[in-house]
Amino acid sequence: KSAERMQTLITDLLAYSRLSAQVKPEKTDLNEVLQEVLSDFDYLIESKSATIKTNELPTVDSIPSQLRQVFQNLIGNALKFSGTENKPEIEITSEIIVDKSIDSPTSPEGKFCRITVKDNGIGFDEKYLDRIFIIFQSLNDRQTYEGTGIGLAIAKKIIDKHNGLITAKSEVGKGASFIIVLPLKYESK
């Protein structure tokens with residue numbers, strides 16, 4: 001088991017370090033990215049009797065493989081930390097917003113989108129919010145939940161590279177919402 005853990009850790013670390021390479025963004029239909037991720041989780045979704053609800057996601061300029069990894073990490077966590085009480089319910093919604101801020105008002109003419117991945121799982125105390133996006137700061141008991149505590153750090157690094165924002169809102173026992181803000185069009189810095 002520990003050899004397996006080590007392998008996962010190495011894979012995750014490599015993924016983290018590779019993010020510094022320069023790759024050219026391309027037009028990406030996020031609906032397609034999301035469908036790929038959900039089909040990867042088919043077995044887990046079925047075995048946990050999870051319900052997944054999504055609305056229409058936008059097309060953005062991105063590095064698709066990286067955003068796919070963000071969705072993988074967020075949806076994977078939502079399934080993993082679903083707790084034992086309820087069947088997992090995961091809702092992925094998107095809206096077009098005016099500016100690059102988490103609480104930006106919506107507008108059809110906006111240049112950013114806000115994507116929320118909401119679950120009904122075990123949640124966490126928001127006082128730890130800063131820690132969850134730092135490498136190796138996994139909040140949960142390692143024995144209970146597998147994982148290297150690096151998934152959210154990777155997600156944050158990817159979103160930063162896309163000139164976006166990521167945060168979360170949660171309460172213990174009341175599920176969590178991860179909120180991402182991304183520019184629709186890529187502008188080189």
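Conventions we followed
Residues numbered from 1 in each chain as written. Predicted model: local features only at pLDDT ≥ 70, side-chain atom pairs only at ≥ 80, totals over all residues. Heavy atoms only, no water. 1 Å grid on protein atoms, 1.4 Å probe; cavity = no way out; pocket = protein on both sides within 12 Å on 5 of 7 lines; lining within 4 Å. Points joined across faces, edges and corners; volume = space filled by probe spheres on them. Helix = DSSP H or I, 4+ residues; strand = E, 2+ residues; numbered from the N terminus. Nonpolar A, V, L, I, M, F, W, Y, C, P; charged D, E, K, R; others polar. Phe/Tyr/Trp six-rings, centres within 6.5 Å; stacked < 30°, edge-to-face > 60°. Buried < 20%, exposed > 50% of the residue type's maximum accessible area, 1.4 Å probe, protein only. Pairing = 2+ DSSP bridges. Axes fitted to C-alpha atoms, helices over the stretch in contact; angles between N-to-C directions. Contact = heavy atoms within 4.5 Å.

## Observations concerning empty space enclosed by the protein
According to the stated counting rule, one finds 1 cavity of 30 Å³ or more in the structure shown. Approximately 30 Å³ is the volume found for the largest cavity. The set of elements that each furnish at least two residues to the lining of the largest cavity consists of α4 (64–80) and β7 (176–183). The residue inventory of the lining of the largest cavity, partitioned by class, reads 8 nonpolar, no polar and no charged.

## Comments concerning the packing of aromatic side chains
Summed over the entire model, instances satisfying the criterion amount to 2 aromatic pairs. An angle of 40° between the planes, with centres 6.4 Å apart, marks the rings of F124 and F178 as tilted. With F124 in the loop between β5 (112–119) and α5 (129–132) and F178 in strand β7, this pair connects stretches of sequence that are 54 residues apart. Residue class for F178 comes out buried when judged on its relative accessible area of 8%. Geometrically, the ring pair formed by F133 and F178 is edge-to-face, given 6.3 Å between the ring centres and 85° between the ring planes. Taken together, the positions of F133 in the loop between α5 and α6 (151–161) and F178 in strand β7 put the pair 45 residues apart, joining distant regions of the chain. As far as burial versus exposure is concerned, F133 and F178 are alike and both buried.

## Section: the sheet that holds β7
Sheet architecture is open: 5 strands sit in the order β2-β4-β5-β7-β6, paired in mixed fashion. Lying at the two open borders of the sheet, with one neighbouring strand each, are β2 (51–54) and β6 (165–170). If you compare each strand with its neighbour and ignore which way they point, the axes differ by 15° on average. Summarising the sheet, β6 and β7 pair through 6 bridges and their orientation is antiparallel. Bridging across to β7, L165 finds its partner in V181. Sheet strands in contact with α4 are β4 (89–97), β5 and β7, and its direction is about 140° off that of β4.

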